[in-house]
Amino acid sequence: MKSEYQHLIDLSDYPVAWWNKLIDLGVRIWEDPAKYAHECDGRIMATLFYEPSTRTQMSFQTAMLRLGGRIIGFDNPANSSVSKGETIKDTTKIVSSYSDILVIRHPVEGAAKAASLTADCPVINAGDGGHLHPTQTLTDLLTLKIEKKTLSGLTIGLCGDLINGRTVHSLCKALSMFSGNKFIFISTPELSMPAYIKDIIKANGSTYEEANTLEEAIGRLDVLYMTRIQQERFASREEYLAQKNTYVLDRKKMLLAKKDMIVLHPLPRVDEITVDVDDDKRAMYFTQAKYGVFARMALIMTILNEEKPSETLKGKVYPGVRCGNPRCITNHEEYLPKSFRSSGDETLLECEYCDERKLV
Ligand code: NCD
């Protein structure tokens, strides 16, 4: 299924050369943002945020305003026709006819992909449930490029809610494409990294190991990526409380880290980094959030200037087969074609919207 527009749903839809070009543009914008002040004059960006957001939404809006464009949208679906039962299909069909680029965040996995099937302009995924967050990854890559001067040969520790954290899924997929990167997953068994992400890391030639405590891993890291326990994605409050406060980065643990390790966090922070760590020069999370504007300026410019068609659905519909993930958009919006990729023998299918695997 071809769309006339160039969407960004998953960074893996593009070659690494495209990401590198975009990151290099991000660095040039960071060096001299004023030079790009009229790149999007007369263009309109719509932001449809069905889930709470501070940084992602505002950095997208700031990025478009700094490029000379204008913005429309909602950040509370209760104030839009969504509260009357409107589907993603109808909302995106209409709003994309008002705008040149559409940014969507949604609590259901695969929602951005679903929006791209019917939108009349490019769609950018600003986070779909616990699945992916490609523009946070562009922000993270730009941060590493500026602060560590490389995207290769790094030992990266990822700590916290690795099962529900969409930022770490997108980041591991991306960093495993660069040579010599090693991952250390620091989580409880209940919150460990999904198997499909581990398989992608291996297939890309990178390695990973798992650790139970921050103390056992921190001394080996070049980058520590902390994450929040995603309270809203737990089935019950009891399950959340059982995981809360397991990992807390404090000044004492920072003493065990290398002098040039950097600490990243997509934010918001709850209690997984104590505030006194903020004064450590290795704490890079606030700077990282600032780089998000430059990464998104580079992305908006690239998408609006290239206007190359994207392939939206590459797999096929298998009669009677539906995705087993209750949080997948295909189980929420019935009209969507239930499309799956197969690994060859067609006994293991992967949902094209949320990547959930299914044996048939
Ligand atoms: C993250 C998100 O929304 O996935 N925040 C962000 O976009 N900067 C992380 C989180 O909510 O924990």
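Our structure is the block above this text.
Since this is a predicted model, take the numbers as computed values, not measurements.

The next thing to look at is the nonpolar core. Grouped together as the largest cluster of nonpolar side chains are 62 residues, with contacts concentrated most on W19, L158, L299 and I300. For this core, the element with the highest residue contribution is helix α11 (residues 285-306), accounting for 11 residues.

Helix packing geometry: the angle between the two helix axes and the distance between the axes. At a closest axis distance of 8 Å, the pairing of helix α2 (residues 55-66) and α11 adopts a crossing angle of 55°. On the basis of the axis angle, α2 is oblique to α11. In the crossing of α2 with α11, the sense of the turn from one axis to the other is right-handed. Here R55, T56, S59, F60, T62, A63, M64 and R66 of α2 lie close against α11, whose contacting residues are A289, G292, V293, R296, M297, L299, I300 and L304. Looking at the contact of α2 with α11 residue by residue, the classes come out as 9 nonpolar, 4 polar and 3 charged.

With that out of the way, let us pick up the sheet that holds strand β9 (residues 223-226). One open sheet holds the 5 strands; their spatial order is β8-β7-β6-β9-β10, and the pairing between them is parallel. Of all strands in the sheet, those bounded by a partner on one side alone are β8 (207-211) and β10 (262-264). Along the sheet, successive strands turn relative to each other by an average axial angle of 20°, direction set aside. Relative to β9, strand β6 (residues 155-159) runs parallel, the two being bridged by 4 bridges. If you follow C159 over to β9, its bridge partner there is M226. Most of the contacts of helix α6 (residues 166-175) go to β6, to which it runs at about 165°, and overall it touches β6, β7 (182-186) and β9.

Calculation notes
- Residues numbered from 1 in each chain as written.
- Predicted model: local features only at pLDDT ≥ 70, side-chain atom pairs only at ≥ 80, totals over all residues.
- Heavy atoms only, no water.
- Core = buried A, V, L, I, M, F, W, Y, C linked by side-chain atoms within 4.5 Å.
- Buried < 20%, exposed > 50% of the residue type's maximum accessible area, 1.4 Å probe, protein only.
- Helix = DSSP H or I, 4+ residues; strand = E, 2+ residues; numbered from the N terminus.
- Axes fitted to C-alpha atoms, helices over the stretch in contact; angles between N-to-C directions.
- Parallel < 35°, antiparallel > 145°, perpendicular 65-115°, else oblique.
- Left-handed = near helix turned anticlockwise from the far one by under 90°.
- Contact = heavy atoms within 4.5 Å.
- Nonpolar A, V, L, I, M, F, W, Y, C, P; charged D, E, K, R; others polar.
- Pairing = 2+ DSSP bridges.

Note that all results are geometric; they support no functional claim without further evidence.
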